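Structure at a glance
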Amino acid sequence: MENHNLKLVLVIGGTGAQGSPVVKALSASGRYSVRILTRNPSSTQATKLGALPNVTLFKGSQDIQKDLHAAFAGVYGAWVNLDGFTIGEKNEIFYGIRAYEIARHQGVKHYIFANSDYTLRKAGWNEQYRSHNDAKGRVGDLILSHGQSTMKTSLLTTGPYIEMLLDGMFVPEEQTDGSFIWENPSADGKIPLIALDDVGAYSLWILDNPTESAGLDLEVATDQVSFADIVATFTKVTGKHGIHKVVPLEEYLVKAEPYPGAYSNFTVSPDVSRDESFTTWRENFAAWWRYWGEGKGATRNMELLDRIHGSRIPSLEAWMRMNNYDGRPKSVLKSLYDLRKGGANSE
Ligand SMILES: NC(=O)c1ccc[n+]([C@@H]2O[C@H](COP(=O)([O-])OP(=O)(O)OC[C@H]3O[C@@H](n4cnc5c(N)ncnc54)[C@H](OP(=O)(O)O)[C@@H]3O)[C@@H](O)[C@H]2O)c1
């Protein structure tokens, strides 16, 4: 049951790695109730979140417009993270725009878009930096361009999750001698890693402080670190030897792609028809590594983040200590979890 004494916030992507800390933070605040849009209210993640105070589950899909209309109806606020890795870049742009338009139609008061760096624009329109992040970046720019009358809008821009050290792109390989190797093409730039728990706190701050957060593109990070920093911190915290082995991009891409010729949205079957707007995993992650590895995303205003979230996780070292990080993998991303068990609706 939705509690009508609280401000109701629709969270799209609420069962995911980024959205679930937002749901938890809003629920724990006692100031908001939450409606989560999910394709499968019976999933492990949805069931756990649905048991929290003032959280309800709403069955629907982010790429069906009638579901978006129904989901946005009657809500005060919205926090929207579309999953480009599932719906693809072109759909992410279309539904990113449609979700915003439908929210306006439905009279939403504060719209938070879970944004990512517009890598192509921030790297000076050089196509070598055109990555999957751009789908959100384009939509984010468009949203802010419409101003702040009748609906407040805020961008919450995340770089790579710090949790990618556990699942996904930044997991090291344990060697027989007990050392851990990060083998990738990263240059020595600083990468703005964000701890997901703090995404919840920043989202709550945005909702609680509309005067300051309206029109803001809040670029968040826990720490801006190079791979040399990551291995040095790992060694300091765990006492284990960490190594960053830089390999040429082409060599890395062939070795790391999920399957030969994989698409960027590799969690969706390769047999599903795709048009030429779909990038391959190699094209996408070549640009992704260039952008982040060269430090082009190290643009976060850490003083601002300290001010608005004084108890934020202060550093990569603190995150590693808090999480007893030991270099070994753990499940973080719902899409990868679903892929391993055979699909988002198979529970
Ligand atoms: N990994 C990173 O470091 C990173 C950093 C910044 C941004 N991002 C971006 O975050 C997005 C993915 O979110 P995540 O990291 O939270 O991934 P995740 O843990 O895999 O979660 C995916 C979320 O998307 C939802 N979803 C997928 N397709 C849906 C659909 N058709 N209708 C409704 N919900 C749908 C899932 O909900 P249900 O399964 O419950 O329907 C789930 O909540 C991607 O666009 C990615 O580019 C990732």
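As shown above, the structure is provided for reference.
Residues numbered from 1 in each chain as written. Predicted model: local features only at pLDDT ≥ 70, side-chain atom pairs only at ≥ 80, totals over all residues. Heavy atoms only, no water.

With respect to the pattern of salt bridges
How we decide: Criterion for a salt bridge: a side-chain nitrogen of Lys or Arg within 4 Å of a carboxyl oxygen of Asp or Glu. In this scheme, a residue with accessible area under 20% of its type's maximum is buried, one over 50% is exposed, and one in between is partly exposed, where area comes from a 1.4 Å probe on protein chains only. The numbering of helices and of strands both runs from the N terminus, where a helix is a DSSP run of H or I of at least 4 residues and a strand a run of E of at least 2.
Summed over the entire model, instances satisfying the criterion amount to 26 salt bridges. Where Lys66 meets Asp67, a salt bridge forms, and the shortest distance between an N and an O atom there is 3.5 Å. By relative accessible area, which is 13% here, Asp67 ends up buried. Here Arg300 ties to Asp117 by a salt bridge, and the two come within 2.8 Å at their closest N and O atoms. Highlighted residues: Arg300 in the loop between α12 (281-293) and α13 (302-308) and Asp117 in the loop between β5 (110-116) and α6 (119-122), separated in sequence by 183 residues. In terms of burial, Arg300 and Asp117 fall into one category: buried. It is possible to trace a salt-bridge network through shared partners that takes in Asp117, Lys122, Glu219 and Arg300.

Notes on the nonpolar core
Selection rule: In these notes, a set of buried Ala, Val, Leu, Ile, Met, Phe, Trp, Tyr and Cys residues joined through side-chain atoms within 4.5 Å is what counts as a nonpolar core. The contact rule is simple, with two residues in contact once any of their heavy atoms fall within 4.5 Å.
In terms of nonpolar packing, the biggest core is built from 68 residues, with Leu165 and Trp319 touching the most fellow members. Aside from chain neighbours lying at most four places away, what touches Leu165 is Phe170, Val171, Pro172, Trp182, Ile230, Leu316, Trp319, Met320 and Tyr325. Grouped together as the second largest cluster of nonpolar side chains are 24 residues, Val75, Val80, Ile87 and Leu155 included.

Here's the deal with the packing of helix α11 (residues 249-256) against α12
The line we're drawing: Only the contacting stretch of a helix is used when fitting its axis, a line to C-alpha atoms as for every element, and angles between N-to-C directions run 0 to 180 degrees. Angle categories: roughly parallel below 35 degrees, roughly antiparallel above 145, roughly perpendicular from 65 to 115, and oblique for all the rest. By convention, the crossing between two helices is left-handed when the near helix turns anticlockwise from the far helix through less than a right angle, and right-handed when the turn is clockwise. Classification convention: Asp, Glu, Lys, Arg as charged; Ala, Val, Leu, Ile, Met, Phe, Trp, Tyr, Cys, Pro as nonpolar; all other residues, Gly among them, as polar.
It is the contact of α11 with α12, at a shortest axis distance of 10 Å, that shows an interaxial angle of 130°. Between α11 and α12, the crossing angle belongs to the class labelled oblique. The interaxial crossing formed by α11 with α12 has right-handed handedness. Contacts between α11 and α12 involve Leu249, Tyr252, Leu253, Val254 and Ala256 from the first element and Trp281, Arg282, Phe285, Ala286, Trp289 and Arg290 from the second. Looking at the contact of α11 with α12, its residues break down into nine nonpolar, no polar and two charged.

Observations regarding the site of the ligand
What counts is decided by this rule: Definition of nearness: a residue and a molecule or strand are near each other if at least one heavy atom of the residue lies within 4 Å of the molecule or strand. A 3.5 Å cut-off defines polar contacts: any pair of N or O atoms within that distance qualifies, except that in protein one atom must be a possible hydrogen donor and the other a possible acceptor, and neighbouring residues in sequence count only when both atoms are side-chain atoms. The Shrake-Rupley method, run with a 1.4 Å probe, gives the accessible areas here. Residue values count only the displayed protein chains as cover.
Of all residues adjacent to the ligand, which total 28 residues, the nearest are Thr15, Thr38, Gln62, Tyr161 and Lys334. In this structure, an oxygen atom belonging to the ligand sits 3.1 Å away from a main-chain N or O atom of Gly84. With respect to the ligand, the side chain of Tyr161 contributes an N or O atom lying 2.6 Å from an oxygen atom. Across the complex, the protein chains shield 95% of the 900 Å² of accessible surface that the ligand would expose by itself. Only α4 (84-87) and α15 (334-341) provide two or more residues apiece to the shell around the ligand. Split by residue class, the shell around the ligand holds seven nonpolar, 15 polar and six charged.

As for the sheet that holds strand β8 (residues 180-184)
Defined as follows: Being paired, for any two strands, means DSSP has found at least two bridges between them.
The three strands are arranged β7-β8-β12 in an open sheet whose pairing can be described as mixed. Only two strands of the sheet have a single neighbouring strand rather than two, namely β7 (173-174) and β12 (242-246). Sheet analysis places β7 next to β8, joined by two bridges and oriented antiparallel. Directly across from Glu173, in β8, lies its bridge partner Ile181.

A closer look at helix α8 (residues 196-208)
Side chains that are three or four residues apart share a direction in an α-helix, a result of its 3.6 residues per turn. What counts, and what does not: Helices are assigned an expected span. That span is 1.5 Å times one less than the residue count.
Between its first and last C-alpha atoms α8 spans 19 Å; for 13 residues at 1.5 Å apiece the expected length is 18 Å, and the two agree. Within α8, ten of the 13 residues are buried, which leaves it mostly tucked inside the rest of the structure. Every buried residue of α8 is accounted for by Leu196, Asp198, Val199, Gly200, Tyr202, Ser203, Leu204, Trp205, Ile206 and Leu207.

What about the pairing of strand β6 (residues 152-158)?
The element β6 is largely enclosed, with a buried count of six among its seven residues. The sheet contact formed by β5 and β6 spans seven bridges and is parallel. In the sheet register, Ser116 faces β6, and the bridge partner there is Thr158.

Focus: the environment of Phe58
As for its position among the elements, Phe58 is in strand β3 (residues 55-59). Look at Phe58 and you get partly exposed, because its relative accessible area is 22%. Spatially, the C-alpha atom of Phe58 lies 29 Å from that of Leu216, the residues being 158 residues apart in sequence. The residues touching Phe58, leaving out its near neighbours within four places in the chain, are Arg35, Ile36, Leu37, Thr38, Asp67, Ala70 and Ala71.

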